[in-house]
There are 10 protein chains.
Amino acid sequence: MLFLVKHTVDFPHDLPESLRRELLARERESSQRAQQSGRIVGIWRVTGHFANVALYEVASNDELHEAISELPMFPYLRVEITPLSAHPNSIK
Amino acid sequence: MLFLVKHTVDFPHDLPESLRRELLARERESSQRAQQSGRIVGIWRVTGHFANVALYEVASNDELHEAISELPMFPYLRVEITPLSAHPNSIK
Amino acid sequence: MLFLVKHTVDFPHDLPESLRRELLARERESSQRAQQSGRIVGIWRVTGHFANVALYEVASNDELHEAISELPMFPYLRVEITPLSAHPNSIK
Amino acid sequence: MLFLVKHTVDFPHDLPESLRRELLARERESSQRAQQSGRIVGIWRVTGHFANVALYEVASNDELHEAISELPMFPYLRVEITPLSAHPNSIK
Amino acid sequence: MLFLVKHTVDFPHDLPESLRRELLARERESSQRAQQSGRIVGIWRVTGHFANVALYEVASNDELHEAISELPMFPYLRVEITPLSAHPNSIK
Amino acid sequence: MLFLVKHTVDFPHDLPESLRRELLARERESSQRAQQSGRIVGIWRVTGHFANVALYEVASNDELHEAISELPMFPYLRVEITPLSAHPNSIK
Amino acid sequence: MLFLVKHTVDFPHDLPESLRRELLARERESSQRAQQSGRIVGIWRVTGHFANVALYEVASNDELHEAISELPMFPYLRVEITPLSAHPNSIK
Amino acid sequence: MLFLVKHTVDFPHDLPESLRRELLARERESSQRAQQSGRIVGIWRVTGHFANVALYEVASNDELHEAISELPMFPYLRVEITPLSAHPNSIK
Amino acid sequence: MLFLVKHTVDFPHDLPESLRRELLARERESSQRAQQSGRIVGIWRVTGHFANVALYEVASNDELHEAISELPMFPYLRVEITPLSAHPNSIK
Amino acid sequence: MLFLVKHTVDFPHDLPESLRRELLARERESSQRAQQSGRIVGIWRVTGHFANVALYEVASNDELHEAISELPMFPYLRVEITPLSAHPNSIK
């Protein structure tokens, strides 16, 4: 089951640089694990923004919530979720 | 070069049923040609809406404009475009 | 898997009264079948509006799309969907 | 009398971790008491967000205000309220 | 139990003048009955707009829905509802 | 001359508790003086929010500005003003 | 007492040309009478739009409502009203 | 003096095809005259939309209003105007 | 050339009182100089808000930018600008 | 390939003055390098705002993302991007 998820990062201006780096490093690991396990099937940078869009393949809303809320940067994210269905014109 | 495009269909209430069917049939052909040629690399229905999101792979903004404005249903679409870039955490 | 769905009816002003009545009658049957089958587990009128909110229990986004797009009044509905997950404080 | 209430948590970034934990623990107790007394008849996590939707069953607007404003996390909540009425198509 | 209700009239441009007059006359009767019965405890024109705000005193959301949806002009109204509670500083 | 005014309180999260209490106490006095003098003819809590709506009866915009800007909590308020006129259907 | 009023004209696309001209001519007379009587103390075109902003000098909200709702083009106007007060820095 | 102007075309669905073509042809002539005279110093299609952005070089707001309101398609345009000034970092 | 400008003051909550007073005093001088020189031809308080609207008479966008960006309170202002043109119905 | 980009600066109120000056100086250098290399083909101040609009000429979305995210003031910018295409009426 696919969901399109946009994550926009909203770091507070006074976030210590060391914490910022740690969060980015942990987010990288977390994101790559999710890609390797097949939970995230595609991820792209939103051009010109500190934001991304990702396609999640999950079995349920609960799994999607777990995947997003476990992100190390979750407390600093604005999240928009679009549930997707099969399109009758898709050739896949 | 990738673009995420959301198309929301906004048919007028008094669109003749025959025209509606013709538009849907032509849109289907047009969408499938774009998928076969690799211009559209993914297309999904937005759950619960008469709308879809598609990933376009094009060489330029001009090619993207051509692809969208040639759609048979273009006069009835609201379109939102998000330019995408490579994400540093992507494993692809 | 639960989804909260708000349906707002937007009939065109010149919809013939007979069609209006037919749509409302068919919507009633359709809604009650969905309640009897357990797809809709609760439905309420939004006070003061020609709108409702319903809780859908479905197995997938595809089933949710089918349930909503089959509604007789679908062409006249504005739809807002909120995917729901289990709440850690829920006692159920 | 039913009300649909969405609560979105908006903690300041510099909220001390100990206060955060205390608030979550007190909120849990408060929420469960409201469920046990029948004031809250259903509560769900909004998937992917630090937010929830709940159905309140109360005798009056005053009781609803009391229920919401007594929440330990009330100073940090954005609240949206939708009054609900019986739906003529409901089979309950 | 008090509710603040804003009604904005949105007549279609081609509404026949005779129907317009009939609606306004029936609305006047309906509004005055609601005032005489105590359901509407105050009603004012929104300055410069074809709109009004009214204070409804009702026993329940269901009664409020009945009061609003029975208005002859209901199909042409945009409605915004604000549930009100006692204010601790009120001297009444 | 009547104005409907919505006041939404937006205290900064780090407002000292003593200042908060002082502001609420002074606001209470100020609000009650305005009610006793007839400047505020009704005031209600917006259910579920740290906000209120009030009906002001004043002789001019200048008097309304004075009444609002003198509120002790004015620096922390978001204010929305709706000028009201006599409604032709009012029986008062 | 001053009010800043923005009027945006929203003619339906199928308004007959003769009616359009008649409305514009009557609006011109009405606007100039209001300027001559001192009710409108300034009126300007919003650059690039079929819209204007005007400063009204009136004795009450009721007079303002009368002035606006009597405009021949009132059924086709979107209206935004900003009540104004004396500014302490004004040298007039 | 430069202004950035976005024009979005909003043709009614039932605009006759012959009128549509005539408007587009006249718009083309009008736009090219404005480019040749130097009033429009750049014009681009908004990718994927029936809209454009143009840079106008004019002597006054009045000249800008004349330029925009004379466009043959003006009755069908939504217009957004951004006044521009010299940028201190510009090397031109 | 006229521009309607709305300035909304957004002081941070922890602005020192002495700085606040200094800014208000300098703003007063600056505003009155602009009025005496004819750059600002009218200024009013927005009733009930810490905001004003002013009419600027300037020779160019560059002069308008200079006038606004020189205001002592500029770093704390939200600014909305409406370019104005002569209105054909104006009797001035 | 052209993109219209609006950058709005949103400095935190407590940004040290020395850092502010350093950021502005580095932004100036960065902006002028981008103009000299032809990546930015035009840049203007948005009149009355701490914001600018620029036209970027780049080979891809990735290059645009690099150009924007390398700006020294990027962490303090709100960015809006409009992809542009050739306009059929352009005489260039």
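Every chain is numbered on its own, with residues counted from 1 as its sequence reads. As a convention, the first chain written is A and the first ligand written is 1, with the rest following in written order. Predicted model: local features are reported for residues with pLDDT of at least 70 only, side-chain atom pairs are reported and counted for 80 or more only, and whole-chain, interface and lining totals are derived from all residues. Working from all heavy atoms in the structure, the side-chain values ignore hydrogens and water.

Trainee: So what exactly am I meant to see when it comes to the overall build of chain A here?
Mentor: When helices and strands are counted, chain A shows two helices and four strands. Sequence-ordered secondary structure for chain A, helices as α and strands as β, is β-α-β-β-α-β. Taking the principal axes of the C-alpha coordinates as reference, chain A spans close to 50 × 25 × 20 Å. The classification of residues rests on relative accessible area computed with a 1.4 Å probe and restricted to protein chains. Under 20% of the type maximum is buried, over 50% is exposed, and intermediate values are partly exposed. The buried share of chain A, reckoned over its 92 residues, is 58%. When checking whether two residues touch, look at their non-hydrogen atoms; a contact exists if any pair is within 4.5 Å. Put simply, 67% of the contacts in chain A that link residues at least 6 apart link residues at least 24 apart. Here the Shrake-Rupley method, with its probe set to 1.4 Å, supplies the accessible areas, and only the displayed protein chains count as covering residues. Carbon and sulfur atoms make up 48% of the accessible area of chain A, which amounts to about 4,300 Å² in all. Computing the positive centroid from 10 side-chain charges and the negative centroid from 12, chain A places the two 7 Å apart. Comment: elements are numbered from the N terminus, with helices defined as DSSP H or I runs of at least four residues and strands as E runs of at least two. Neither His nor the chain ends contribute to the count of charged residues, in which Lys and Arg are positive and Asp and Glu negative. Where a charge sits is defined by one atom per residue type, namely NZ (Lys), CZ (Arg), CG (Asp) or CD (Glu).

Trainee: Could you clarify how one ought to interpret the relation of the copies chain I and chain J in this entry?
Mentor: Two chain copies here: they are related by a rotation about an axis and a translation along the same axis. The two copies are related by a screw operation: chain I maps onto chain J through 72 degrees of rotation and 0.0 Å of translation along the axis, at an RMSD of 0.0 Å. Considering both components of the superposition, the chain copies are consistent with a five-fold axis. Copy-to-copy superposition: least squares on the C-alpha atoms, limited to residues that have pLDDT of at least 70 in both copies.

Trainee: Before we go on, may I ask you to explain the sheet that holds strand β4 (residues 77-85) of chain J in this structure?
Mentor: The strands making up a sheet associate through backbone hydrogen bonding, with each pair oriented either parallel or antiparallel. On the basis of which strands lie adjacent, the closed barrel formed by eight strands has the order β1(H)-β3(H)-β2(H)-β4(J)-β1(J)-β3(J)-β2(J)-β4(H) and antiparallel pairing. Looking at each pair of strands side by side, their axes are set apart by 35 degrees on average, direction ignored. Pairing geometry for strand β2 (residues 40-46) of chain H and strand β3 (residues 51-57) of chain H, over five bridges, is antiparallel. Across the sheet, H:Trp44 pairs through a bridge with H:Val53, a residue of β3(H). Any two strands between which DSSP finds at least two bridges are classified as paired. Lines fitted to the C-alpha atoms define the axes, with helices restricted to the stretch that makes contact. Angles between their N-to-C directions range from 0 to 180 degrees.

Trainee: Quick question: what am I supposed to make of the packing of aromatic side chains here?
Mentor: Describing an aromatic ring pair means giving the distance of the ring centres and the angle of the ring planes. The aromatic pairing rule takes the rings of Phe, Tyr and Trp, using the six-membered ring of Trp, and pairs them if the centres are within 6.5 Å, calling planes under 30 degrees apart stacked, those over 60 edge-to-face and the rest tilted. The final tally for this structure, using the stated rule, is 20 aromatic pairs over all chains. Arranged with centres 5.7 Å apart and planes meeting at 70 degrees, the rings of E:Phe11 and E:Phe50 form a pair that is edge-to-face. Of the two residues, E:Phe11 sits in the loop between β1 (2-9) and α1 (17-36) while E:Phe50 sits in the loop between β2 (40-46) and β3 (51-57), which places them 39 residues apart along the sequence. Centroid distance J:Phe11 to J:Tyr76: 5.4 Å. Interplanar angle 70 degrees. Geometry classified as edge-to-face. Here J:Phe11 is found in the loop between β1 (2-9) and α1 (17-36), whereas its partner J:Tyr76 is found in the loop between α2 (61-69) and β4, with 65 residues between them in sequence. Note on accessibility: J:Phe11 and J:Tyr76 belong to one class, buried. Members of the aromatic cluster, joined through ring pairs, are A:Phe11, A:Phe50 and A:Tyr76.

Trainee: Even after reading the chapter, I still don't get the interface of chain I and chain J, so can you show me in this structure?
Mentor: How large an interface is tends to be reported as the accessible area lost when its parts come together. With eleven residues of chain I at the interface, the matching set in chain J holds seven residues. A 1.4 Å probe defines the accessible area here, and the buried area is the portion of it lost by two parts on being joined, summed over both. Of the roughly 690 Å² buried where chain I meets chain J, counting both sides, 64% is carbon and sulfur surface. For salt bridges, the criterion is a side-chain nitrogen of Lys or Arg within 4 Å of an Asp or Glu carboxyl oxygen. The tally of links from chain I across to chain J stands at zero salt bridges. Each polar contact in these results corresponds to two N or O atoms within 3.5 Å; when the atoms are within protein, one needs to be able to donate a hydrogen and the other to accept it, and residues that are neighboring in sequence are counted only if both atoms are side-chain atoms. Where chain I meets chain J, there are two residue pairs in polar contact (both at pLDDT 80 or more). Residue assignment for the side of chain I that touches chain J shows that the elements contributing at least two residues are α2 (61-69) and β4 (77-85) of chain I. Looking at which element gives the most residues to the side of chain I that touches chain J, the answer is α2(I), with four residues. When residues are sorted by character, Ala, Val, Leu, Ile, Met, Phe, Trp, Tyr, Cys and Pro go into the nonpolar class, Asp, Glu, Lys and Arg into the charged class, and all the rest, Gly among them, into the polar class. Of the residues contributing to the side of chain I that touches chain J, the split by class is eight nonpolar, two polar and one charged.

Trainee: For this particular structure, what's the right way to read the pattern of salt bridges?
Mentor: Two side chains with opposite charge may pair up if their charged atoms get near one another. Counted by the stated rule, this structure contains 40 salt bridges over all chains. As a salt-bridge pair, F:Arg39 and F:Glu63 come within 2.9 Å of each other at their nearest N and O atoms. Remark: F:Glu63 occurs in helix α2 (residues 61-69) and F:Arg39 occurs in the loop between α1 (17-36) and β2 (40-46); sequence separation between them is 24 residues. Across the pair I:Arg39 and I:Glu66 runs a salt bridge whose closest N-O atoms are separated by 2.8 Å. Within this pair, whereas I:Arg39 is found in the loop between α1 (17-36) and β2 (40-46), its partner I:Glu66 is found in helix α2, the two being separated by 27 residues in sequence. Residue classification places I:Glu66 among the partly exposed positions, given a relative accessible area of 38%. A cluster of three or more residues bridged by salt bridges with shared partners is formed by A:Arg39, A:Glu63 and A:Glu66.

Trainee: Whenever I open this one, the relation of the copies chain B and chain A confuses me. Can you help?
Mentor: Structural alignment of chain B on chain A gives an RMSD of 0.0 Å, achieved by rotating through 180 degrees and translating 0.0 Å along the axis. Classification of the inter-copy transformation places it as that of a two-fold axis.

Trainee: For this particular structure, what's the right way to read the arrangement of the chains?
Mentor: Regarding chain B and chain D, which are not in contact, the minimum distance between any of their C-alpha atoms is 15 Å. One finds no contact between chain B and chain F; the C-alpha atoms of the two approach each other to within 31 Å at their closest.

Trainee: Would you mind going over the pairing of strand β3 (residues 51-57) of chain F with me for this structure?
Mentor: Note on strand geometry: in a regular strand, side chains alternate between the two faces of the sheet. Residue and element names in this part refer to chain F. The element β3 is largely enclosed, with a buried count of six among its seven residues. Two strands pair when backbone bridges link them, and strand β1 (residues 2-9) and β3 are joined in this way by seven bridges, in the antiparallel orientation. Among the inter-strand pairings, Lys6 is bridged to a residue of β3, identified as Val53. As consecutive antiparallel partners, β2 and β3 are separated by four residues, and within that stretch Gly48 has a phi angle of approximately 80 degrees, a positive value.

Trainee: Honestly, the interface of chain B and chain A in this entry has me stumped. Any pointers?
Mentor: Taken together, the 29 residues of chain B in the interface contact 29 residues of chain A. Both sides together, the interface formed by chain B and chain A hides about 2,600 Å², and carbon and sulfur atoms give 57% of it. Considering only the side of chain B, the residues that lose the most area to chain A are B:Arg45, B:His87 and B:Asn89, jointly responsible for 23% of the buried surface there. Scanning the region where chain B abuts chain A turns up zero salt bridges. Taken together, chain B and chain A are joined by 20 residue pairs in polar contact (both at pLDDT 80 or more). Sorting the residues of the side of chain B that touches chain A by element identifies β1 (2-9), α1 (17-36), β2 (40-46), β3 (51-57) and β4 (77-85) of chain B as the ones contributing at least two each. Considering only residue class, the side of chain B that touches chain A consists of 13 nonpolar, twelve polar and four charged. Relative to β2(B), strand β4 (residues 77-85) of chain A is paired through two bridges, and the arrangement is antiparallel. In the strand pairing of β2(B), A:Ser85 is matched with B:Arg45.

Trainee: What should I look at first to understand helix α2 (residues 61-69) of chain B in this one?
Mentor: Structurally, the α-helix is built with 3.6 residues per turn, so residues lying three or four positions apart point the same way. Burial in α2(B) covers these residues: B:Asn61, B:Leu64, B:His65, B:Ala67 and B:Ile68. Buried residues along α2(B) cover an arc of 165 degrees about the axis, so they all sit on one side. Here the buried face of α2(B) lies against β1, β3 and β4 of chain B, β2 of chain H together with β1 and β4 of chain J. In this context, the arc is that of the directions from the helix axis out to the C-beta atoms.

Trainee: Sorry, what's going on with α1(F) here?
Mentor: Residue and element names in this part refer to chain F. Every helix has an expected span of 1.5 Å times one less than the residues it contains. Between the first and last C-alpha of α1 there are 29 Å, a value that for 20 residues agrees with the 28 Å anticipated at 1.5 Å per step. Along α1, the positions that sit buried rather than exposed are Leu23, Glu27, Ser30, Ser31, Gln32, Ala34 and Gln35. Turning to α1, the residues buried within the fold contact β2. Gly38 sits one or two positions beyond α1 and adopts a positive phi of about 90 degrees.

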